[in-house]
Amino acid sequence: MKLVMAVIKPFKLDDVRDALTSIGVEGLTATEVKGYGRQKGHTEIYRGAEYAVSFLPKIKLEVAVKAELVEQTVEVIASAAKTGQIGDGKIFVYDLNNVVRIRTGETDADAL
């Protein structure tokens with residue numbers, strides 16, 4: 001089992017969710033976060049005053065999948081989230097040692 005974590009642009013959330021659903025991923029967690037990468041934010045002009053936006057709004061997705069679905073999950077997220085612009089995001093894959101569904105007590109792959 002793996003945990004696939006992706007940081008994407010907020011307006012790509014629905015595209016990514018639809019793409020994941022189409023390959024059989026049954027659930028995900030989405031969190032509104034702020035951060036920056038290589039671009040280090042940007043400057044904006046508001047009412048004639050220029051100011052720096054150091055942290056940009058992003059969406060952090062977390063998806064727990066069986067090991068055999070990891071590559072397909074990563075590919076689907078990458079293609080659905082891609083705009084070709086700076087700040088498209090990143091995808092991280094972690095090992096999951098144990099999963100428990102609270103309601104039923106199912107564990108590991110059965111709990112996914």
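Relevant structure appears above.
Quick caveat, the model's predicted, so the values are computed rather than measured.

(A) Layout of the overall build of the chain. Scanning the chain from N- to C-terminus turns up 2 helices and 6 strands. In the chain, the order of α-helices and β-strands from amino to carboxyl end is β-α-β-β-β-β-α-β. In terms of overall size, the chain is more extended than a compact globule, its C-alpha atoms giving a radius of gyration of 17 Å where 112 residues would be expected to give roughly 13 Å. Along the first, second and third principal axes, the C-alpha atoms of the chain reach 55 × 25 × 20 Å. For the chain, buried positions account for 27% of its 112 residues. By sequence separation, contacts in the chain at least 24 residues apart represent 71% of the contacts at least 6 residues apart. For the chain, the computed accessible surface area is about 7700 Å², with 50% contributed by carbon and sulfur atoms.

(B) Quick peek at the environment of Ile 91. Tracing the backbone shows Ile 91 in strand 6 (residues 89–95). For Ile 91, a relative accessible area of 29% translates into the label partly exposed.

(C) The arrangement of the pattern of salt bridges in detail. By the definition in use, this model includes 6 salt bridges. Residues Lys 2 and Asp 95 are paired through a salt bridge, measuring 2.3 Å at the closest nitrogen-oxygen approach. In this pair, Lys 2 is assigned in strand 1 (residues 2–8) and Asp 95 in strand 6, connecting sequence segments 93 residues apart. Looking at Asp 95, the relative accessible area reads 55%, which means it is exposed. Of the charged contacts, one joins Arg 17 and Asp 14 as a salt bridge, the two residues approaching to 3.6 Å between their closest N and O atoms. In this pair, Arg 17 and Asp 14 are both assigned in helix 1 (residues 13–22), 3 residues apart and thus about one turn of the helix distant. Look at Arg 17 and you get partly exposed, because its relative accessible area is 41%. Given the relative accessible area of 45%, Asp 14 is considered partly exposed.

(D) Looking closely at the sheet that holds strand 1. Strand order in the open sheet formed by 4 strands is 2-5-1-6, with antiparallel pairing between adjacent strands. Taken across any chain shown, the strands that pair with only one partner, and hence form the sheet edges, are strand 2 (29–35) and strand 6. The average undirected angle you get between the axes of adjacent strands in this sheet is 20 degrees. In terms of strand pairing, strand 1 meets strand 5 (residues 56–65) through 7 bridges, oriented antiparallel. Its bridge partner lying in strand 5, Val 4 is registered against Val 63. Across the face of the sheet, helix 1 comes into contact with strand 1, strand 2 and strand 5 while running at roughly 10 degrees to strand 5. Docked against the sheet, helix 2 (residues 70–81) engages strand 1, strand 5 and strand 6, running at close to 10 degrees with respect to strand 1.

Here is what the cut-offs are and how they apply
- Residues numbered from 1 in each chain as written.
- Predicted model: local features only at pLDDT ≥ 70, side-chain atom pairs only at ≥ 80, totals over all residues.
- Heavy atoms only, no water.
- Helix = DSSP H or I, 4+ residues; strand = E, 2+ residues; numbered from the N terminus.
- Rg over C-alpha atoms; globule rule 2.2 N^0.38 Å.
- Buried < 20%, exposed > 50% of the residue type's maximum accessible area, 1.4 Å probe, protein only.
- Contact = heavy atoms within 4.5 Å.
- Areas by Shrake-Rupley, 256 points an atom, 1.4 Å probe, with all protein chains shown as cover.
- Salt bridge = Lys/Arg side-chain N within 4 Å of Asp/Glu carboxyl O.
- Pairing = 2+ DSSP bridges.
- Axes fitted to C-alpha atoms, helices over the stretch in contact; angles between N-to-C directions.

Nothing here speaks to function; it is geometry throughout.
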